[in-house]
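Geometric and topological summary
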Amino acid sequence: MSGGIAAYKVCELLRRLTESGHDVTVVPTSSALEFVGAATWAALSGRPVSSEVWTDVHAVPHVRIGQDADLVVVAPATADLMARAAHGLADDLLTNTLLTASCPVVFAPAMHTEMWEHPATVANVATLRGRGAVVIEPAEGRLTGKDTGKGRLPEASEIFDIAMDVLSRGVSRPDLAGRHVVVSAGGTREYLDPVRFLGNRSSGLQGYALARVAAARGAEVTLVAANVSLPDPAGVKVVTVETTAELHDAVVTAAASADAVVMAAAPADFRPTVVSEDKIKKADDGTSPVIELEQNPDILREISHRRLHEGSVIVGFAAETGDSQGSVLELGRAKLTRKGCDLLVVNDVSGGAVFGSPDNEAVILGADGTSVDVPRGTKAALAQVIWDEVARRFAGDLAR
Ligand code: CTP
């Protein structure tokens, strides 16, 4: 940790890391301790805390901590800390640790917008990324004081998810750099009246994992989010929608310049033919209203058939349970053909296990006949394999 007011948010990150079974050594700079004291970090991590190299010298902490680490996460990473790291300075325990660590390093920057945009910081971030470090894009929003802008520390859950991705997979190459990708997430709502709607159980977790992983792999990401209550992934453009018609318009607009579109959202297939302007009242005679529905556009099918951007890769999801018409995979193959997309991620949702769960498992079917089994794991792990398949198609490794 370096010395930023956002240090207080790192208490939550530390809890998530320790509660998920990781051993965490907190290495604050002396200015970090001006914001949150050593006692808090020692109590939360269950380990001694020091910011300089002269404590416990016999244990040689200035090399041991970095050498032993599987991952270093610097949060908050100030402009000053990233400058010192970029130039290889080693004037305290944290910068010594960064020089001796051969594991992946994730920086979660937090600073004022002017500092983030200053050419010196821009150059330092480029240097760190060029050496293979992951520098997360800061979030936008309220900064210290009254000003707002880019520079907020990303949410603890966001930093945690990125740290877990990097731990499980190592630092990924920015193989999606220069690509614009669109991801839809969440579930749409179709209003019956001003207060009631038809909706579904989609949490948006899989779509958000896809957006976050694509951003980490260097893509410019547009995330079209339908009724999702998750923090915006860092460095991602988020467009919020409610209904399938709004989702349709947002996806079609973004798809015009997109190299890939992944439809992870669950759009309602039907909407009420008439939306009552007033709240629908109970009838005195005990009769129930009959609600007539009409069909919504099939967005995946439309963008697959229209191909708004030449050479784009289009990915759909299929939640299947299997029935008398066929097995989950047979239904998936039929849906792939019907929709006309390049890849279809088929989930077996018998029992409803995937909704809201952090885990998922799937088979990714390709229009070219390929089939990739992804065993049960995190939604981020599935997102990585989906982007691998998309990247292979960008590279022309596979005929589409
Ligand atoms: N989808 C879409 N537009 C819709 C409905 C679905 O773009 N109006 C997309 C979803 O985002 C998903 C894929 O289509 O990527 C499959 O959704 P699913 O609900 O399984 O497909 P349906 O067309 O509803 O098929 P079914 O006949 O099984 O209901």
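The structure this text deals with has already been given above.
The text that follows walks through the structure, step by step, so that each part is easy to find. (Residues numbered from 1 in each chain as written. Predicted model: local features only at pLDDT ≥ 70, side-chain atom pairs only at ≥ 80, totals over all residues. Heavy atoms only, no water.)

As a further point, take the nonpolar core. Grouped together as the largest cluster of nonpolar side chains are 35 residues, with contacts concentrated most on L210, V315, V345, I386, W387 and V390. Sort the elements by how many residues they give to this core and helix α14 (residues 379–394) lands first, with eight residues. With near-sequence residues (within four places) excluded, L210 lies in contact with V183, V262, A264, F317, A383, I386 and W387. Core analysis: the next-biggest nonpolar cluster, separate from the first, contains 29 residues, M1, W41, L153 and I159 among them. (Core = buried A, V, L, I, M, F, W, Y, C linked by side-chain atoms within 4.5 Å. Buried < 20%, exposed > 50% of the residue type's maximum accessible area, 1.4 Å probe, protein only. Helix = DSSP H or I, 4+ residues; strand = E, 2+ residues; numbered from the N terminus. Contact = heavy atoms within 4.5 Å.)

As a further point, take the site of the ligand. Looking at the ligand, there are 13 residues lining it, with M263, A265, L300, K335 and K339 nearest. Backbone polar atom of A265 to an oxygen atom of the ligand: 2.7 Å apart, as the coordinates give it. With respect to the ligand, the side chain of K335 contributes an N or O atom lying 2.5 Å from an oxygen atom. Burial of the ligand by the protein amounts to 76% of the accessible area it has alone, namely 580 Å². Here the element with the most residues in the shell around the ligand is helix α13 (residues 328–339); it accounts for three residues. (Near = heavy atom within 4 Å. Polar contact = N/O pair within 3.5 Å; in protein donor to acceptor, adjacent residues only side chain to side chain. Areas by Shrake-Rupley, 256 points an atom, 1.4 Å probe, with all protein chains shown as cover.)

What follows is about the packing of aromatic side chains. If you walk through the whole model with that rule in mind, you get one aromatic pair. A ring pair is formed by Y191 and F197, whose centres lie 5.6 Å apart and whose planes are at 70°; its orientation type is edge-to-face. According to the relative accessible area criterion, Y191 is partly exposed, its value standing at 21%. The ring of F394 has R179 sitting right over it, with the charged end atom 4.1 Å from the ring centre. (Phe/Tyr/Trp six-rings, centres within 6.5 Å; stacked < 30°, edge-to-face > 60°. Lys NZ or Arg CZ within 6 Å of the ring centre and 35° of its normal.)

Time to look at helix α11 (residues 244–255). In this model, α11 (twelve residues) spans 16 Å end to end at C-alpha, consistent with the 16 Å of a helix rising 1.5 Å per residue. Within α11 the residues assigned to the buried category are T244, L247, H248, A250, V251, V252, A254 and A255. (Expected span 1.5 Å × (residues − 1).)

Here we come to the packing of helix α5 (residues 79–86) against helix α6 (residues 93–100). In contact at an axis separation of 10 Å, α5 and α6 are set at 45° when each is read in the N-to-C sense. Classed by the angle they form, the pair α5 and α6 counts as oblique. Here the hand of the crossing between α5 and α6 comes out right-handed. Contacts between α5 and α6 involve L81, R84 and A85 from the first element and L94, T95 and L98 from the second. (Axes fitted to C-alpha atoms, helices over the stretch in contact; angles between N-to-C directions. Parallel < 35°, antiparallel > 145°, perpendicular 65-115°, else oblique. Left-handed = near helix turned anticlockwise from the far one by under 90°.)

With parallel pairing, the three strands of this open sheet are ordered in space as β1-β2-β3. Two strands in the sheet have a free side with no partner beyond their single neighbour: β1 (72–77) and β3 (134–135). Here two bridges tie strand β2 (residues 105–109) to β3, and the two strands are oriented parallel to one another. Looking at the pairing, F107 lines up with V135 of β3. Each of β1, β2 and β3 is contacted by α5, which is oriented at about 150° to β2, the strand it contacts most. (Pairing = 2+ DSSP bridges.)

So, on to unusual backbone geometry. Put simply, A75 and P76 share a cis peptide bond, and its omega is -5°. The topology assignment puts P76 in strand β1. One non-glycine residue with positive phi stands out, namely D56, at about 50°. Here D56 is to be found in the loop between α3 (38–45) and α4 (61–68). Residue classification places D56 among the partly exposed residues on the basis of a relative accessible area of 42%. For R307, which is not glycine, the phi torsion reads 45° and is therefore positive. One can find R307 in the loop between α12 (299–306) and β14 (313–320).

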